[in-house]
Protein chains: 2
Amino acid sequence: MADAAAKERKILVAVDESEESSYALSWCIENIITGNCNDTLILLYSIPPRAVYSTLDGTGYLVSSDILATMERYSSEVAQCVMEKAKRACEALNGVKVETIVEHGDARDVICQAAEKLHVDMLVMGSHGYGVIKRAFLGSVSNHCAQNVKCPVLIVKKPKTDGRSK
Amino acid sequence: MADAAAKERKILVAVDESEESSYALSWCIENIITGNCNDTLILLYSIPPRAVYSTLDGTGYLVSSDILATMERYSSEVAQCVMEKAKRACEALNGVKVETIVEHGDARDVICQAAEKLHVDMLVMGSHGYGVIKRAFLGSVSNHCAQNVKCPVLIVKKPKTDGRSK
């Protein structure tokens, strides 16, 4: 068991602005990383691709480049904010290396490609892992990753605290 | 971190006769259980429901009760064999409590119900977790469980060793 504890592991955690993602990171820190100082924790955030911002809004009006620039700046600020929060959650992990990666692209592709490229030992994510995705699609990103990523995938759901089962 | 290591956790591992399931259990032992003597590891095997054995075979001939009895005996023997193998894999885990459960039913229902009923902290399974399921449906059981079980779900895939990427 001592051998296993000394193993160097790379653990990729997909983070976003959701509470579910934040919970997944905390759960991972408490249950997976604990006690293993040889782990490297890689925090990954994906900024939705530019194509999401159409140059035409819903009414057909052209969205000015100023507005597009503002939206991109906003996306970068959100990314920075999410990463700062995630890094603070990792502060108690003495000895564990924490790295951060911010990529542009669809969360599903970004996560799968990063897991592959970085040869991680494990991928951890909330049950959706995509801040803007609606409840109807909840789970689609984690499902996609669970099917396509070759390493073990841990999907963490935030327990309901309002007492309602649904 | 010492507090977290001392936590009492219940970890449910869905086992079956596949190599993938065997790998998932080994990976869990090495990466999740290691060093935490307060864990309880619950090994769960589900025997496919009796309805799977139709009383009519493919050619319309009635399958005798003798054959049905033989098939049921075979199922029980497989279950016993899988459990013995799984328990042997856990032998190195000094101090960790190992429990075994064998249930009749569809793997998806059995796993989800057990996770709920036993209030486990984590569910671990191979990427299919259903020995007889074909490659076309690979992942359906783990997908179903990942969507329906409330606790964190770890899906472990067996790495390919033949050098082919597909």
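Just so we're clear, the structure is a prediction, and the values are computed from it rather than from any experiment.

Draft legend 1. Representation of unusual backbone geometry in the model. Residues and elements named next belong to chain A. One non-glycine residue with positive phi stands out, namely histidine 119, at about 50°. Its place among the elements puts histidine 119 in the loop between α4 (107-117) and β4 (122-126). Residue class for histidine 119 comes out exposed when judged on its relative accessible area of 64%.

Draft legend 2. Inspection of the pairing of strand β2 (residues 40-47) of chain A at higher detail. Residues and elements named next belong to chain A. Counting buried positions over the 8 residues of β2 gives 8, a clear majority of the element. Across the two faces of β2 the burial is the same, with Thr40, Ile42, Leu44 and Ser46 and Leu41, Leu43, Tyr45 and Ile47 all buried. Looking at chain direction, strand β1 (residues 10-14) and β2 are connected through 5 bridges and run parallel. Looking at the pairing, alanine 14 lines up with leucine 44 of β2. Of the pairings in the sheet, the one linking β2 to strand β3 (residues 97-104) comprises 8 bridges and is parallel in character. Its bridge partner lying in β3, serine 46 is registered against glutamate 103.

Draft legend 3. Region of the structure containing the nonpolar core. Within the largest apolar cluster, 52 residues are counted, with the highest numbers of intra-cluster contacts made by A:Leu41 and B:Leu41. The contacts of A:Leu41, once residues within four sequence positions are left out, are A:Ile11, A:Val13, A:Leu25, A:Cys28, A:Ile29, A:Ile33, A:Cys90, A:Leu93, A:Val96, A:Lys97, A:Val98 and A:Glu99. Judged by nonpolar contacts, the second largest core, of 41 residues, contains A:Val110, B:Ile101, B:Cys151 and B:Ile155.

The rules we used
Residues numbered from 1 in each chain as written. Chains lettered and ligands numbered in written order. Predicted model: local features only at pLDDT ≥ 70, side-chain atom pairs only at ≥ 80, totals over all residues. Heavy atoms only, no water. Helix = DSSP H or I, 4+ residues; strand = E, 2+ residues; numbered from the N terminus. Buried < 20%, exposed > 50% of the residue type's maximum accessible area, 1.4 Å probe, protein only. Pairing = 2+ DSSP bridges. Core = buried A, V, L, I, M, F, W, Y, C linked by side-chain atoms within 4.5 Å. Contact = heavy atoms within 4.5 Å.

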